Amino acid sequence: MSQANERLRRYLEDDIGACRNEDVQERVDELEDLETTLDPTLIAQDVQTLSSLGNETRYRLVRLLVEADAELCVCEITPLVDVSDSAVSHALSNLTESGLVTKRKEGRWRKYRATRRAQALLTVLDGAR
């Protein structure tokens, strides 16, 4: 029996009082079913999204766009944050790639809007305070 299964056996013995090989195998099967929910593609997307929020400038931009509940032109956004124009552009590009912001070009202007995903994430953060 592998070391991991031996630890699982000890855990189950503590939890249910006695443990048979069938108990260990049943729990291993349950855990393997749980493991299938860890889709590597979805995890990579979620990590990219959460990483995008891990930067103060990007977080502030998402917060502004969610609170605005409308499209904002980059020229409206830039004065609200204390960073360079290029930093704002870079941050908005990252947020667009991660699915937190949509971008639309109107003539020579670029307009940004928070996505439902961004709104949901900030709602969760606000509710957890």
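Owing to the predicted nature of the structure, the values given are computational and were not obtained by experimental measurement.

Visitor: For this particular structure, what's the right way to read the sheet that holds strand S2 (residues 101-106)?
Guide: Two orientations exist for strands paired in a sheet by backbone hydrogen bonds: parallel and antiparallel. A sheet is described by the order of its strands in space; here 3 strands give the open sequence S1-S3-S2, paired in antiparallel fashion. The strands lining the two open edges of the sheet, one partner per strand, are strand S1 (72-73) and S2.

Visitor: Would you take a moment to explain the environment of Tyr112 for this structure?
Guide: Locating Tyr112 in the fold gives a position in strand S3 (residues 109-114). Sequence separation between Tyr112 and Cys73 is 39 residues, and the spatial gap between their C-alpha atoms is 6.3 Å. Apart from the residues lying within four places of it in its own chain, the contact partners of Tyr112 are Leu65, Ala70, Glu71, Leu72, Val74, Ile77, Leu92, Thr96, Val101, Thr102 and Lys103.

Visitor: How should the UniProt feature "domain: HTH arsR-type" (unreviewed entry) in the protein chain be read in this particular structure?
Guide: With numbering aligned to this structure, UniProt lists the feature "domain: HTH arsR-type" (unreviewed entry) at residues 38-129. The span residues 38-129 is 61% helical and 15% strand by assignment, and the distance between its end C-alpha atoms comes to 28 Å.

Visitor: What's the story with helix H2 (residues 21-35) in this structure? I'm lost.
Guide: Counted at 1.5 Å a residue, the expected span for H2 with its 15 residues is 21 Å, and the 21 Å between its end C-alpha atoms agrees. Among the residues of H2, Asp23, Val24 and Val28 are the ones counted as buried. Within H2, the buried residues cover an arc of 130° as seen down the axis, which keeps them to one side.

Visitor: What's the story with the pairing of S2 in this structure? I'm lost.
Guide: On a regular strand, one side chain projects to one face of the sheet and the next to the other, so that they alternate. As judged from the 6 bridges shared by S2 and S3, these two strands associate in the antiparallel manner. Each residue of the ladder has a partner; that of Glu106, found in S3, is Trp109.

Visitor: Honestly, the pattern of salt bridges in this entry has me stumped. Any pointers?
Guide: If charged atoms from side chains of opposite charge come close, those side chains can pair. Taken as a whole, this structure holds 7 salt bridges when the rule is applied. Here Arg27 ties to Glu30 by a salt bridge, and the two come within 2.8 Å at their closest N and O atoms. One end of the pair, Arg27, and the other, Glu30, are both in helix H2, 3 residues apart, so they sit about a helical turn from each other. For Arg27, a relative accessible area of 32% gives the class partly exposed. Shared partners join several salt bridges into a network, and the residues in it are Glu71, Arg104, Glu106 and Lys111.

Thresholds, definitions, all that
- Residues numbered from 1 in each chain as written.
- Predicted model: local features only at pLDDT ≥ 70, side-chain atom pairs only at ≥ 80, totals over all residues.
- Heavy atoms only, no water.
- Pairing = 2+ DSSP bridges.
- Helix = DSSP H or I, 4+ residues; strand = E, 2+ residues; numbered from the N terminus.
- Contact = heavy atoms within 4.5 Å.
- UniProt positions renumbered as here; feature names shortened; annotations may be inferred.
- Expected span 1.5 Å × (residues − 1).
- Buried < 20%, exposed > 50% of the residue type's maximum accessible area, 1.4 Å probe, protein only.
- Arc of directions from axis to C-beta.
- Salt bridge = Lys/Arg side-chain N within 4 Å of Asp/Glu carboxyl O.

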